[in-house]
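The lines below spell out each chain.
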Amino acid sequence: MSQTIIITGGGRGIGKATAEAFLAAGWRVGVVGRTASALEEVADSHENALAMPCDVSDETSVVDAFGKASETWGRVDALFNNAGVSLGTATVDEIDVGDWRKLIDINVTGSFICAKVAFGLMRAQDPQGGRIINNGSVSAYMPRYGSAAYTASKHAITGLTRSISLDGRAFNIACGQIDIGNALTDMAAKMTKGVPQADGSIAVEPVMDASNVATSVLHMASLPLEANVQFMTVMASAMPYIGRG
């Protein structure tokens, strides 16, 4: 029987590239996102894809969507907790509190809700178990200039990953995190035009194709549950991360 995965933020960017990689590898894939048309574009092209419009920050919406996947396939083997947003470059005093709360609601609370619901399904299913992979960022380790809200959210994801990894041991649920640097998506397109650096300059930064992230997530998810990639960093080789600052 084919394995199953739910991918949040699956209608575009890293999520879409990852959904396509899993589908090509024979997985059944539930694509989650707010824009139904983008999800249907993925699902309509693949027999084993399921479009699941959902607001990850709304628990009822997540319960309904994930429940649909579980009922359709009989189980959920994996979750790629990928949905997230960022803000424009701004120092901490310039960040609007409303924008901060919106970002935290999606990046942190949304990831928590999706993990909570997936964990519950994996704990209850027979055979018990599954895998949760959280989308972190190199910002989970080192901030980019003017990114207090995004960086704080990604540090929170690391804490969530470690806690789920520990809590899941008794239920055969593994949890790992992929930390991504400069994958070329709509969110990262600005890197090719020049972005602020820590020294105050503006510089173009190297990027990599999002397919590199997709194949990395596929590797993490394809391991037997006796093994886990706890943290993986995949990034554009020459991006200013090693030595950032």
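The notes below deal with the structure included here.

Calculation criteria
Residues numbered from 1 in each chain as written. Predicted model: local features only at pLDDT ≥ 70, side-chain atom pairs only at ≥ 80, totals over all residues. Heavy atoms only, no water. Phe/Tyr/Trp six-rings, centres within 6.5 Å; stacked < 30°, edge-to-face > 60°. Buried < 20%, exposed > 50% of the residue type's maximum accessible area, 1.4 Å probe, protein only. Helix = DSSP H or I, 4+ residues; strand = E, 2+ residues; numbered from the N terminus. Core = buried A, V, L, I, M, F, W, Y, C linked by side-chain atoms within 4.5 Å. Contact = heavy atoms within 4.5 Å. Polar contact = N/O pair within 3.5 Å; in protein donor to acceptor, adjacent residues only side chain to side chain. Pairing = 2+ DSSP bridges. Axes fitted to C-alpha atoms, helices over the stretch in contact; angles between N-to-C directions. Salt bridge = Lys/Arg side-chain N within 4 Å of Asp/Glu carboxyl O.

Points about the packing of aromatic side chains
Now for step 1: Evaluated as defined, the whole model comprises two aromatic pairs.
Now for step 2: Pairing F22 with W27 gives two aromatic rings, centres 4.9 Å apart and planes at 85°, and the pair type is edge-to-face. The exposure classification of F22 matches that of W27, with both residues buried.
Now for step 3: Relative to F171, the ring of F119 lies with its centre 5.9 Å away and its plane at 80°, an arrangement referred to as edge-to-face. With F119 in helix 4 (residues 97-124) and F171 in the loop between helix 5 (148-167) and strand 6 (173-181), this pair connects stretches of sequence that are 52 residues apart. In this structure, F119 and F171 share a single accessibility class: buried.

Looking at the nonpolar core
Now for step 1: Membership of the largest hydrophobic core comes to 38 residues, with the highest contact counts inside it found for F22, V29, I178 and V213.
Now for step 2: Beyond its immediate chain neighbours, meaning those up to four positions away, V213 contacts I14, I178, I180, A183, M208 and V234.
Now for step 3: Counting 29 residues, the second largest nonpolar core, distinct from the first, contains V32, A69, L160 and I164.

Side note on the side chain of D179
Now for step 1: Mapped onto the fold, D179 is located in strand 6.
Now for step 2: Engagement of the side chain of D179 in a polar contact is seen with the backbone nitrogen of S137, the distance being 3.0 Å.
Now for step 3: Setting aside its immediate chain neighbours within four residues, D179 contacts G136, S137, V138, A140, Y141, F231, M232, T233 and V234.

Regarding the sheet that holds strand 11 (residues 231-235)
Two pairing modes exist for strands in a sheet, parallel and antiparallel, and in both the strands are linked by backbone hydrogen bonds.
Now for step 1: Taken together, the seven strands give an open sheet; going across it, the order is 3-2-1-4-5-6-11, and neighbouring strands pair in parallel fashion. Strands at the two margins of the open sheet, each flanked by one partner only, are strand 3 (49-53) and strand 11. Adjacent strand axes in the sheet meet at a mean angle of 20° when their direction is disregarded.
Now for step 2: Bridging between strand 4 (residues 78-81) and strand 5 (residues 130-135) involves four bridges; their strand directions are parallel. By the bridge assignment for strand 5, F80 is matched with I133.
Now for step 3: Lying on the sheet, helix 5 is in contact with strand 5, strand 6 and strand 11; it crosses strand 6 at an angle near 155°.

Let's talk about the pattern of salt bridges
Now for step 1: Applying the stated criterion across every chain, the model contains four salt bridges.
Now for step 2: One salt bridge connects E41 with K16, and the closest N-O pair in it is separated by 3.5 Å. You can see E41 sitting in helix 2 (residues 36-43) and its partner K16 sitting in helix 1 (residues 13-24), a full 25 residues away along the chain.
Now for step 3: Residue K16 is classed as partly exposed on the basis of its relative accessible area of 25%.
Now for step 4: A salt bridge links R144 to E205; its shortest N-O distance comes to 2.8 Å. Here E205 lies in the loop between strand 9 (202-203) and strand 10 (208-209) and R144 lies in the loop between strand 5 and helix 5, a separation of 61 residues in the sequence.

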